Amino acid sequence: MNTHDLVAFVAVVETGSIVAASARLNLTQPGVTRRIQNLEEMLGAKLLDRLSKPLKPTAAGHEAYEQGRRLLRMLDDLKSGVANDGVVRGEFRLGLTPFLSEAGLTGPLDAVRAEFPALAVRVVSGWSPNQLERVCRNELDAAAICLPDGAVPPSDLAADDLAADDLGAQPVVFVVARDMKIPRIVDLERLSQLSWVINQDGCGFRDSLKRKFDAEHLPFSIAVEALDSELRLSLVSRGLGVGLVTPIALKRSAFRDKLKPVVARDFKPAVRAWIVHRAPAGRLERPIKLFRDGLDRELQAMIGS
């Protein structure tokens, strides 16, 4: 097998197009196409559904991608292991959930890049359930995720070699517009009478909140879904509803003077942060540990601030 053909196929699957794959690999589009055709001929199977937009792997392509990714990672481990200089090379595919992006994309990621300059770090943002699935499918080398406090990865996924490091519970607070006529201490029934300005579906905060309201047989009405935390806080400050935010995001927000934290008597929302990866980590063991330790420090600082 020509590993260059496999690399091209993996790039097409991950980018969803020949054009994007050619840009990633610095090849011409016909060059990428030829490599895919070579691999299909060698394996005797059609690997891509060429009628789909973006390009998607066939059933055989899914299997080839997972096994091929594992093979390429083993080759990277081998190269790093036999190199006399001890330099960690290759690619490090890291998933981050939006809540952890602010903490993860500063000090921890800078530390990894400084310590391992020959390692190409590629960060992928997404919701925690999707990031966890991608780690289990070998599409990511590691991911920093958040799950409802009490949940343990891999949840309903089967991955015997999944390693998970608990980074502790991360608190969140309810906020409303400062001039809204609502006490600072309320019960859930009072909050259920208001609309919510919240993350899109898939957010661990939102899932935890929804389950709590369902358990109490209370309505959960969403006024606005928005991914950006500062946008949500701007809408809450205008009286559109209740928001859910981390203490550090509230402290740093330009709208903090227009917002009022609200405490629920019978509910203290929190999620738990985790670093997950397939074990053994091979050449990526040190970069993953460095990132994990840095993220842990950032999160502890956020809680204490």
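Remember, predicted model here, so these are calculated numbers, not experimental data. Here, residues in each chain are numbered from 1, in the same order as that chain's written sequence. Two thresholds apply to this predicted model, a pLDDT of at least 70 for residue-level local features and 80 or more for giving and counting side-chain atom pairs, whereas whole-chain, interface and lining totals are computed over all residues. For side-chain calculations, the full set of non-hydrogen atoms in the structure is used, while hydrogens and water are omitted.

## Describing the layout of surface pockets
The gaps left among the atoms become clear once a water-sized probe is rolled over them.
Then comes step 1: In this analysis the probe radius is 1.4 Å and the grid spacing 1 Å, with only protein atoms considered; a cavity is a set of points the probe fits into but cannot get out of, a pocket is an open set with protein on both sides within 12 Å along at least five of seven lines, and lining residues have an atom within 4 Å of a point. Grid points are joined across faces, edges and corners, and a volume is the space filled by probe spheres set on the points. Looking at the largest pocket, its volume works out to about 490 Å³.
Then comes step 2: Strands are runs of DSSP state E lasting at least 2 residues, helices are runs of H or I lasting at least 4, and numbering of each runs from the N terminus. If you list the elements that add at least two residues to the lining of the largest pocket, you get α5 (98-104), α9 (204-215), α10 (229-237), β11 (242-245) and α11 (247-252).
Then comes step 3: Of the residues contributing to the lining of the largest pocket, the split by class is 14 nonpolar, 9 polar and 5 charged.
Then comes step 4: The computed volume of the second largest pocket comes to approximately 380 Å³.
Then comes step 5: Lining the second largest pocket are 14 residues, with V7, R69, L72, D76 and E91 positioned closest to its centre. Basically, the charged four are Asp, Glu, Lys and Arg, the nonpolar ten are Ala, Val, Leu, Ile, Met, Phe, Trp, Tyr, Cys and Pro, and anything else, Gly included, counts as polar.

## Notes on the packing of helix α1 (residues 3-15) against helix α3 (residues 29-43)
Then comes step 1: As a packed pair, α1 and α3 sit with axes 8 Å apart at the nearest point and diverge in direction by 110°. On the basis of their axis angle, the class for α1 and α3 is roughly perpendicular. For the pair α1 and α3, the contacting residues are H4, D5, L6, A8, F9 and V12 in the first and V32, R35, I36, N38 and L39 in the second.
Then comes step 2: Residue classes in the contact of α1 with α3 are distributed as 7 nonpolar, 2 polar and 2 charged. Axis lines are fitted through C-alpha atoms, for helices just across the contact stretch, and the angle between N-to-C directions can take any value from 0 to 180 degrees. Roughly parallel means an angle under 35 degrees; roughly antiparallel, over 145; roughly perpendicular, 65 to 115; everything else is oblique. Throughout, a residue-residue contact means that at least one pair of heavy atoms, one from each residue, lies within 4.5 Å.

## Let's talk about the nonpolar core
Then comes step 1: One finds F92, L100, F174, L191, L209 and L295 to be the most contacted residues of the largest nonpolar core, which totals 49 residues.
Then comes step 2: Here this core takes 5 residues from helix α12 (residues 285-304), the largest share from any one element.
Then comes step 3: In contact with F92, other than residues within four places in its own chain, are V112, L119, A120, V121, R122, D141, A142, L284, P287 and I288.
Then comes step 4: Nine residue types can take part in a nonpolar core, namely buried Ala, Val, Leu, Ile, Met, Phe, Trp, Tyr and Cys, and a core is a set of them joined through side-chain atoms within 4.5 Å. Only protein chains enter the accessibility calculation, which uses a 1.4 Å probe; a residue is then buried when its area is under 20% of its type maximum, exposed when over 50%, and partly exposed in between. Core analysis: the second largest hydrophobic core is formed by 18 residues, V10, A21, L48 and Y65 among them.

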